[in-house]
Amino acid sequence: MSFEKRNITCGELRIEDEGKEVILNGWIDSRRDLGGLIFFDLRDRYGLTQLVIHPEKRADLADKAKDIRQEFVIWAKGIVMKRESPNPNMPTGLIEVEISDFGVINKAKLPPFEVEDDIETNEETRLKYRFIDLRRPVIQKNFIIRNKMYQVVHRYFAENNFIEIETPVLMKSTPEGARDFLVPSRINKNRFYALPQSPQVYKQLLMVSGFDRYMQIVKCFRDEDLRSDRQPEFTQVDLEMSFADREDIISLLEGFIKELWKEILDIDIDAPFKRMTYNEAMTRFGSDKPDLRFGMEIKTVSENLKSCGFKVFSGAIESNGEVALINAKGCAGYSRKQIDGLTEFAKKYGAKGLAWIKLVDGKVNSPIAKFLSDDELNSIITAAEAVDGDLILISSDSWTRTYTILGALRLEIARQTGIMDKIKSDFSFSWVVDFPLLEYDEESERYIAMHHPFTMPKTDDIELMENEPEKVRANAYDLVINGAEVGGGSIRIHDNEIQEKMFSLLGMSKEEAEDKFGFLLNALQYGAPPHGGLALGLDRLVMILSGIDNIRDVIAFPKTTSGLSLMDGCPSYVDTKQLEELSIALIKKEEE
RNA sequence: GGGGUCGUAGCUCAGCCUGGUUAGAGCGCCAGUCUGUCACACUGGAGGUCGCGAGUUCAAGUCCCGUCGGCCCCGCCA
C-alpha cells in the first residue's frame, strides 16, 4: 500500500507554521463529525494534531472520511491553518491542518479499550492487548523516562572511566540465593545452564582481569514469586570498581543519582545522603529500607517493663525480645473494628497480638492498663510522646519481629491517615550500612549470607568469624529511596582464604565450595585487587521517577503475578519431539 | 506453600447477602441529523457462554464444591 511519507510529526506544529503545506502520518485518535464540518485528531508518539475537512469545499474528502474509524493508520496532506476556536489544552491547539488529500494506510479493528490516559480497564485486558495499551501517552511517558535513564547511565559512567562489558546470559547454576531459571541444551544432555540472577561473579572476575571499572545495563532473572514491584526478569545497572572502598562507591553513586534527578525531573537534590546502620534503621523505622519522608519513629520501652505484670511483655523481654511502640497521632478515635483490622494486619507479619493505649479526654483507655503500674504506663506514654487523642500501638516479640511488625504498622497508619498522600511527591535518599554478614536460616539449619557469599566482612569483625559469626557485620550498603531498596552493594572478598572461610561458615564443605565456586577461588589466587560495587534496580528507579507503584507499567512486555505473559501465552507447553531432543521427560504429563 | 479480593455487554460496573417475569446502567459501537468541535450534541438501534465444570433445587448470575485467570499481601526474593 502506498502512502505519502510524513515530513513532520503530530506534536510539533505551532502558530508560526501557519500557511505551510505538511504531510502527517499517524493513528486516528478521535473523530468528530459535525455534519458540515469534520475533525480528526491524529496521534503519534509526539502528540496530537487536529485535522479538518470542510465538506462544502471538498465533498470528495468528506465522503472518504465517512469510513475512517478510530486507530486507523492514515496519511494526510494539508495546509497549516490558524484555528477559529483554539484549544489551550493542546500544545498544537492554536493550529489545525486543513486536509487537501489523505488516505488510509491500514485499517484497524475496534480496539478492546480506548487509547486514552484515564481509562480504567482491567489489567488482564490491557496485558493481552499490550501493543494497544502501549499506545497510551501515559504509558509511553514511562518508556521515555526509562530511555533517558539509559542515556544518563551510559554518559555518567563513561565520564567516570567505566567500560561496559557484556557477561553471559547462559551461565552456571548457583545454588545460593534465589531459584535459578534453568536452560537445557541439545548438545549437552542432562546438563543445564542457568540464567543469571546477577552477573556478580563475572564482574568480580573482570576485576581480577584488570578492567578496573566495569558497568553494564543487564537483564537478571529469578524464579521466585512475583509482586507489584517484582518481575522474574528485571534490569539492573550493574557496576564494579577496583582499588575502591565503600566511600568511593557511595560518592560515585550519589553523583549519579543527583544527575539522574536533575536530568529527568530537573530537581536538585542534596548529597551526601543520610546514613544509617542496619541496626538503627530497624530500631527506629522497623525496616532495612526505611521511608524517611515522615516520622512516626519506633520507641523501644523494654527497659522499663522488664518486671511488669503483663506477661506478654515481660516474657518477651526475658527471652531476649523487645517491647516497642509507635504513636499513631490523632488516632484515638479508632473504633474497635479498626483496631482489630490493625491487629489482623500485624498478624501477617507474625504478630500474635497487638497491644494498644488510647489517650482520650485526659484518660487512659487500654485493655492492658490493668496489668501495668502507673509508673510503667507513664513511661510508655512518655516514650511515645503521646498526647490526648493519640493511639499507641505496642508490639512485643523477638527483636526482628517486634521491629518488623511496627515498621509495617508505621507504613499502614501513614496510608490510612493520609500521610502517604501528602508526601507522595517528596523524595528521601539514604544509605543503610553495616548489615549483618549472616542470618540463621531455621529451615536449612545453617547460616546464609544476608547479602551474598562474596561480601567482605567489616575489617574489625573478621576475627569474630571464628566464634561469633552472627555478630559479624558486612561491608555492605543499600541505597534506599522513599522506602524502596533501589540498590545494593558491598566490598567483595578478594582474599582466597577469607572466601573459603565464608563458604565454610555457610555450611559448605571444601569439596562443595570447590565444585560450586572453584573457578572463583582459583581466580582469587592470581592477583585479585580489592574491589567492590553495586547493582541498581533500574525498573524500580523508573517507577520512582515516574511516580508509579506498579513495575508492570515500566516494562514493555511484563508477566502477570503468576509469571504468565497474557499476550503471547508464555510459558507454553512444548512438543514431545523438542523434549526428546533435550532428553527431558516430564514427571507429570499435562493433559492435551 | 498460605491468605485476601475480583471475574456479568467491546470497556467500567450494578444485580449475588435474602434463588423466581424478558439480566440492567454509563461509556463505547452502528445508523441518521448537525458549520467550530476537541468527553461534540441530539434521535434511534444493535450488542450477553453471567470465566469454565460439576452439584443442590421445581427453578441458579445468585447457594455449595472444584477449576482457570487477574490484582494485593505473607512466606520466598543471596
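Source: prediction; values computed, not measured.

Thresholds applied
- Residues numbered from 1 in each chain as written.
- Chains lettered and ligands numbered in written order.
- Predicted model: local features only at pLDDT ≥ 70, side-chain atom pairs only at ≥ 80, totals over all residues.
- Heavy atoms only, no water.
- Helix = DSSP H or I, 4+ residues; strand = E, 2+ residues; numbered from the N terminus.
- Buried < 20%, exposed > 50% of the residue type's maximum accessible area, 1.4 Å probe, protein only.
- Contact = heavy atoms within 4.5 Å.
- Areas by Shrake-Rupley, 256 points an atom, 1.4 Å probe, with all protein chains shown as cover.
- Lys, Arg positive; Asp, Glu negative; His and termini not counted.
- Charge placed at Lys NZ, Arg CZ, Asp CG, Glu CD.
- Core = buried A, V, L, I, M, F, W, Y, C linked by side-chain atoms within 4.5 Å.
- Phe/Tyr/Trp six-rings, centres within 6.5 Å; stacked < 30°, edge-to-face > 60°.
- Near = heavy atom within 4 Å.
- Polar contact = N/O pair within 3.5 Å; in protein donor to acceptor, adjacent residues only side chain to side chain.
- Nonpolar A, V, L, I, M, F, W, Y, C, P; charged D, E, K, R; others polar.
- Salt bridge = Lys/Arg side-chain N within 4 Å of Asp/Glu carboxyl O.
- Pairing = 2+ DSSP bridges.

Moving on, we come to the overall build of chain A. Assigned secondary structure in chain A consists of 18 helices and 22 strands. Counting across all 592 residues of chain A, residues that qualify as buried make up 48%. Across chain A, every contact between residues at least 6 apart in sequence was considered, and the portion connecting residues at least 24 apart equals 68%. Surface accessibility of chain A: about 30,300 Å² in total, with carbon and sulfur atoms responsible for 49%. Chain A carries 77 positive and 100 negative side-chain charges, and their two centres are separated by 4 Å.

For the rest of this paragraph, the subject is the nonpolar core. If you look at the biggest cluster of nonpolar residues, it comprises 92 residues, and the most contacted ones within it are F157, F256, I257 and W261. If one sorts the elements of this core by residue count, helix α6 (residues 246-265) sits on top with 9 residues. By size, the runner-up hydrophobic cluster in this structure holds 23 residues, among which are F40, L51, A65 and A76.

Let us now look at the packing of aromatic side chains. Under the criterion given, the structure shown has 19 aromatic pairs. An angle of 85° between the planes, with centres 5.2 Å apart, marks the rings of Y156 and F157 as edge-to-face. Exposure remark for Y156: the relative accessible area of 8% places this residue in the buried category. Relative to F517, the ring of F454 lies with its centre 5.4 Å away and its plane at 80°, an arrangement referred to as edge-to-face. Remark: F517 occurs in helix α16 (residues 510-523) and F454 occurs in the loop between β19 (446-449) and α14 (464-467); sequence separation between them is 63 residues. Each member of the pair, F454 as well as F517, carries the same accessibility label: buried. Three or more aromatic residues link up through ring pairs in this structure, and these residues are Y156, F157, F162 and F256.

A separate point is the protein's contact with RNA strand B. Around RNA strand B there are 51 residues in total, and E56, N122, A449, H451 and T560 lie nearest to it. Restricting attention to atoms of RNA strand B within 4 Å of the protein, one finds that 57% of them are sugar or phosphate atoms. A distance of 2.7 Å separates a sugar or linking oxygen of RNA strand B from a polar side-chain atom of E124. A distance of 3.4 Å separates a sugar or linking oxygen of RNA strand B from a polar atom in the side chain of R179. Elements with a minimum of two residues in the surface near RNA strand B: β1 (21-33) and α2 (123-128). Residue composition of the surface near RNA strand B, grouped by class: 14 nonpolar, 18 polar and 19 charged.

Once that is clear, we can look at the pattern of salt bridges. Considering all chains together, one arrives at 47 salt bridges under this definition. For E233, the salt bridge goes to K559, with nearest N and O atoms at 3.4 Å. Here K559 lies in the loop between α17 (538-546) and α18 (576-581) and E233 lies in strand β10 (residues 233-242), a separation of 326 residues in the sequence. A relative accessible area of 26% means that E233 is categorised as partly exposed. Several salt bridges share partner residues, and in doing so they unite R246, E247, R275, D434, K458, D461 and R473 into one network.

So, about the pairing of β10. In the case of a regular strand, side chains alternate between the two sheet surfaces. With 9 of its 10 residues buried, β10 lies for the most part within the structure. Sheet topology places strand β9 (residues 213-221) next to β10; 9 bridges connect them, and they run antiparallel. Bridging across to β10, K219 finds its partner in T235. Where β10 and strand β22 (residues 531-537) come together, 7 bridges link them in antiparallel fashion. Opposite L239, over in β22, you have L534 as the bridge partner.

Moving on, we come to the pairing of strand β17 (residues 429-433). Burial runs high along β17: 5 of the 5 residues are buried. In this sheet, β17 lies alongside strand β11 (residues 274-277) in parallel orientation, the contact comprising 4 bridges. Looking across to β17, one finds that M276 is bridged to V432. Examined bridge by bridge, β17 and strand β20 (residues 476-481) share 5 bridges and lie antiparallel to one another.

It is worth spelling out the sheet that holds strand β16 (residues 391-397) at this point. Judged by pairing direction, the sheet is antiparallel, and its 5 strands sit side by side in the order β12-β13-β16-β14-β15 without closing on themselves. The strands lining the two open edges of the sheet, one partner per strand, are β12 (299-300) and β15 (363-365). By the bridge criterion, 2 bridges tie β12 to strand β13 (residues 322-328) in an arrangement that is antiparallel. When the bridges of β13 are listed, K299 appears paired with L325.

Bear in mind that shape data such as this cannot, by itself, settle questions of function.
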